Amino acid sequence: MCGIVGIVGKQAVNQALYDGLTMLQHRGQDAAGIMTVDEHCTLRLRKANGLVRDVFHTRHMHRLAGNVGIGHVRYPTAGSSSSAEAQPFYVNSPFGIAMAHNGNLTNANDVQEHLFQTARRHINTTSDSEILLNVFANELDKNESLTLNEEDVFRTMTAVHRQVRGAYAVVAMILGHGMVAFRDPWGIRPLALGKRDTEDGEEYIVASESVAIDGTGFKYVRDVEPGEAIYITNDGKLYSRQCADKPMHCPCIFEYVYFARPDSFIDGISVYASRVNMGRKLGEKLKRDYADLDIDVVIPIPETSCDIALEIANVMDLPYRQGFVKNRYIGRTFIMPGQTQRRKSVRRKLNAISAEFRGKNVLLVDDSIVRGTTSEQIIEMAREAGAKKVYFASAAPEIRFPNVYGIDMPSANELIGHGREAIEIRDMIKADGLIYQDLDDLIDAVGAENRSIKRFETSVFSGEYVTGDVSQEYLDRLHAARNDVARSERDGSEDANLELHNDND
Ligand SMILES: O=P(O)(O)OC[C@H]1O[C@H](OP(=O)(O)OP(=O)(O)O)[C@H](O)[C@@H]1O
Ligand SMILES: NC(=O)CC[C@H](N)C(=O)O
Ligand SMILES: [Mg+2]
C-alpha cells in the first residue's frame, strides 16, 4: 500500500512534499522518492530505499527545486525491492512525464507485451508502475501536437482505463503543462484533493489520505471519484472529468481495518469512526455469543487496534488496559518485506507490562490476523507475563485469499486463515479462544459512515475480486513471483539493483 502526494504550488513545494510523505509513511516503509520540476522545466529527483527521514537530507532538499512536484512512499506489491523500482518513475516522451502509483495492475504482463508489440516500448524494471506510466505516455503521444490541453489529457485517460485492470491511484506530472491525478474505475485505492489560498493564488494538493492534506496546511476539498481524472495546469487551473466507461465504487475495506491512519477520511468515511464501529460490532458479538468467557481485562495490540479494543471494553463493560508498550522506533511489522524480519520485529516492537497480565484472563484485540506472526508471539508473551487464559479477538474476519490490489498478500498459503477454520487457527496461535468479526458486520461498521457506498472490495475475506479478471492462473503466477522464499532469493541476489538508477548520492 504505497502513499502518493502531488502539489501544484506557487512557491517551492519540496518541504510540503516531504511533510506529506512523512504523514503517509505508515503506507510504505521500503522506499521514498520526490520529483520536482524546476524553473527551467528540468526534473529534479531524489529516490532511494529507506524511510523518508533517511532518504532526504538537506542537500537533497536543496536540489528538489520547483513549484510543482510529486512524491511516493513504497511498499512493493510487484517487481523487486531494488531502489530502481522506488518511485516516482520518469519517461522522456511525450513532454517528459513523471508518475507515482499506489495499487497493483492485474494485467501488467499482457499490457507490457502489447506495449512492446504496438509501440516498441521497453520496460526496464519489473515494476507494474513503470508499465502504467508507459501506457499513459503512449496514449498521450497519440495526440501529435506540441501543445496539450485538458481534452488531450481526458482522451488519454479514457484510453488508459480501457487498457489496464486492477487498482491504481496515481499522480503524474507532464513537464511544462501540469499535474494529472486519477483513480481506477472501482476507486479501490484512495485519493483526495485539497486546496489552499496564498497571496500568489490557489495551490492544489492530491494525496492518498486526507491526513497529508490537513497536515501540510491545505484544506480537504473532496475525494477523487473512481474513474475520474483531475488535470491541474502549472498556472493553477483545475479541470476534471469522469473518464471511465463504467465506474463502480468499491473502495478497499482493508484501508479502514489496517492501512489508513485513524485521523484520515477516505471516501467520506472517518477511519477512526469505522474502527470504533468495528469494536462495537465485535463487542456485541462477544457479549451475545461468548457470554461464558471469563474475561478480566481487554488489552489492545498496539497500534492499529487500540480504538477497536477500547470500544469492545466499553460494550462489554470491562476494564481496558494498555498492557503492551510499543517501541516507537520500530515500524509496522506487517508491511516489512520478509517473514524473518517480521517475526523478529514483533518482540522488538512490543513488550508486556506484567502487572496487567499476572493471574488474569485477558482478551487481546487486534485489527486483523494475516500471517499470524503477531498473534502467535503476542499470546506467548502474554503467558510469559503471567496471564491465566488468553483469548483473542480480530476486528476483521478470517483472511483467506491473496490480495491483488496493492496489499502485499500474494500467496494464499502464507495466510494463516487460508483453508482453515477458526478453531484450527486458534490452536496454531495457541489461544484459549479466538473470535473473528463476521464479514457482514465489518461491512456494516464501515458502510454505516457513508451509505452511498454500496460495495466494498473485500476479496481477502471472500475471494471475490471486483475487477472480474483475476484467474487462478494469475494467482499462481503471483504466488510464484512473490512468495517470501522467491522474493528473498531474488532481492538478495547481486543483480537486484537494476543499474539504470543509482541512489548512492
Ligand atoms: O498476522 P500478522 O501477519 O502479524 O499481521 C497482522 C498484524 O500486523 C499489523 O500490525 P503492524 O505491526 O503492521 O502495525 P500497527 O503498529 O499499525 O498495528 C496488524 O495491525 C496486525 O497487528
Ligand atoms: N503498494 C503499492 O501501492 C505498490 C505500488 C507498485 N505496485 C509497486 O510495487 O511499487
Ligand atoms: Mg498491529
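Note that this is a predicted model, so its numbers are computed, not measured. Residue positions are given per chain, counted from 1 along the sequence in the order it is written. Whichever chain is written first becomes A and whichever ligand is written first becomes 1, with later ones labelled in order. For a predicted model such as this one, the threshold for reporting local features is a pLDDT of at least 70, and the threshold for listing and counting side-chain atom pairs is 80 or more; totals across whole chains, interfaces and linings nevertheless cover every residue. Water and hydrogen atoms were dropped before computing side-chain values, which therefore reflect all heavy atoms in the structure.

Engineer: Quick question: what am I supposed to make of the UniProt feature "active site" (unreviewed entry) in the chain here?
Structural biologist: UniProt positions are given in the numbering used here, feature names are shortened, and annotations may be inferred rather than shown by experiment. Those residues carrying the UniProt feature "active site" (unreviewed entry) are Cys 2 in this numbering. With respect to the helices and strands, Cys 2 occurs in the segment before β1 (3-8). Under the relative-accessibility criterion, Cys 2 is labelled buried at 6%. A run of DSSP states H or I qualifies as a helix once it reaches four residues; a run of E qualifies as a strand once it reaches two. Both are numbered from the N-terminal end. Only protein chains enter the accessibility calculation, which uses a 1.4 Å probe. A residue is then buried if its area is under 20% of the maximum for its type, exposed if over 50%, and partly exposed in between.

Engineer: What am I meant to see in the layout of surface pockets here?
Structural biologist: One way to see where empty space is left: roll a probe the size of a water molecule over the atoms. Volume-wise, the largest pocket comes out at about 1,200 Å³. Of all the elements in the fold, those that place two or more residues in the lining of the largest pocket are α1 (14-23), α2 (52-55), α8 (254-259), α10 (306-316), α11 (339-349) and α12 (373-384). Sorting elements by how many residues they give to the lining of the largest pocket places α11 first, with four residues. Partitioning the lining of the largest pocket into residue classes produces 20 nonpolar, 13 polar and 14 charged. Of the two site types, the cavity is a set of points on a 1 Å grid over the protein atoms alone where a 1.4 Å probe fits but cannot get out, and the pocket is an open set with protein on both sides within 12 Å along at least five of seven lines, each lined by residues with an atom within 4 Å of a point. Grid points are joined across faces, edges and corners, and a volume is the space filled by probe spheres set on the points. Gly is placed with the polar residues, together with every amino acid not listed as nonpolar (Ala, Val, Leu, Ile, Met, Phe, Trp, Tyr, Cys and Pro) or charged (Asp, Glu, Lys and Arg).

Engineer: How should the UniProt feature "binding site: Mg(2+)" (unreviewed entry) in the chain be read in this particular structure?
Structural biologist: With numbering aligned to this structure, UniProt lists the feature "binding site: Mg(2+)" (unreviewed entry) at Thr 304, Asp 366 and Asp 367. The greatest C-alpha distance among the residues just named is 7.6 Å, despite their covering 64 residues of sequence, which places them together in space. Within the annotated group, the residues that form the lining of the largest pocket are Thr 304, Asp 366 and Asp 367. Along the chain, the position of Thr 304 falls in the loop between β16 (297-300) and α10. Residue class for Thr 304 comes out buried when judged on its relative accessible area of 11%. Among all residues touching Thr 304, those that are not within four sequence positions of it are Val 257, Tyr 258, Arg 275, Arg 332 and Asp 367. Pairs of residues are marked as contacts when any of their non-hydrogen atoms sit within 4.5 Å.

Engineer: Can you help me understand the nonpolar core in this one?
Structural biologist: Burial of nonpolar side chains together is a common tendency in soluble globular proteins. To define a nonpolar core, start from buried Ala, Val, Leu, Ile, Met, Phe, Trp, Tyr and Cys residues and group those joined through side-chain atoms within 4.5 Å. Of all hydrophobic cores here, the largest spans 59 residues; its most connected members are Phe 254, Phe 259, Met 278, Phe 334, Leu 363, Ile 407 and Met 409. Elements with a minimum of two residues in this core: α8, α9 (271-289), α10, β19 (361-366), β20 (389-394), α14 (439-447), α15 (459-462) and α16 (472-482). Counting residues per element, this core draws most heavily on α10, at six residues. Those residues in contact with Phe 334 that sit more than four places away from it in its chain are Tyr 75, Tyr 258, Phe 259, Arg 342, Val 370, Arg 371, Ile 407, Asp 408 and Met 409. Counting residues in hydrophobic clusters, the runner-up holds 31 residues, among them Phe 89, Val 170, Ala 172 and Phe 182.

Engineer: Honestly, the site of ligand 1 in this entry has me stumped. Any pointers?
Structural biologist: Around ligand 1 sit 17 residues in total, of which Tyr 258, Thr 304, Asp 366, Asp 367 and Thr 374 are the nearest. Side-chain atoms alone can form a polar contact between residues adjacent in sequence; in general such a contact is a pair of N or O atoms within 3.5 Å, and within protein one must be able to donate a hydrogen while the other accepts it. Within the contact set of ligand 1, an oxygen atom lies 2.6 Å away from a side-chain nitrogen or oxygen of Lys 349. In short, Shrake-Rupley with a 1.4 Å probe defines the accessible areas, and a residue's cover is counted only from the protein chains shown. Notes on ligand 1: free accessible area 500 Å², of which the protein chains cover 96%. By residue class, the composition of the shell around ligand 1 is five nonpolar, six polar and six charged. Nearness is judged by heavy atoms alone; a residue qualifies as near a molecule or strand once a single heavy atom is within 4 Å of it.

Engineer: Any chance you could explain the site of ligand 2 here in plain terms?
Structural biologist: As a matter of local geometry, ligand 2 sits amid 15 residues, with Met 1, Cys 2, Arg 74, Gly 103 and Asp 128 nearest to it. Taking Cys 2, its main chain carries an N or O atom lying 3.1 Å from a nitrogen atom of ligand 2. Alone, ligand 2 offers 290 Å² of accessible surface; in the complex the protein occludes 100% of this. If over half the atoms of a molecule are within 2 Å of the grid points of a cavity or pocket, the molecule is regarded as sitting in it. Taking a 2 Å distance to the grid points as the criterion, the majority of the atoms of ligand 2 fall inside the largest cavity. At four residues, the largest contribution of residues to the shell around ligand 2 is made by strand β6 (residues 97-105). Broken down by class, the residue content of the shell around ligand 2 amounts to five nonpolar, eight polar and two charged.

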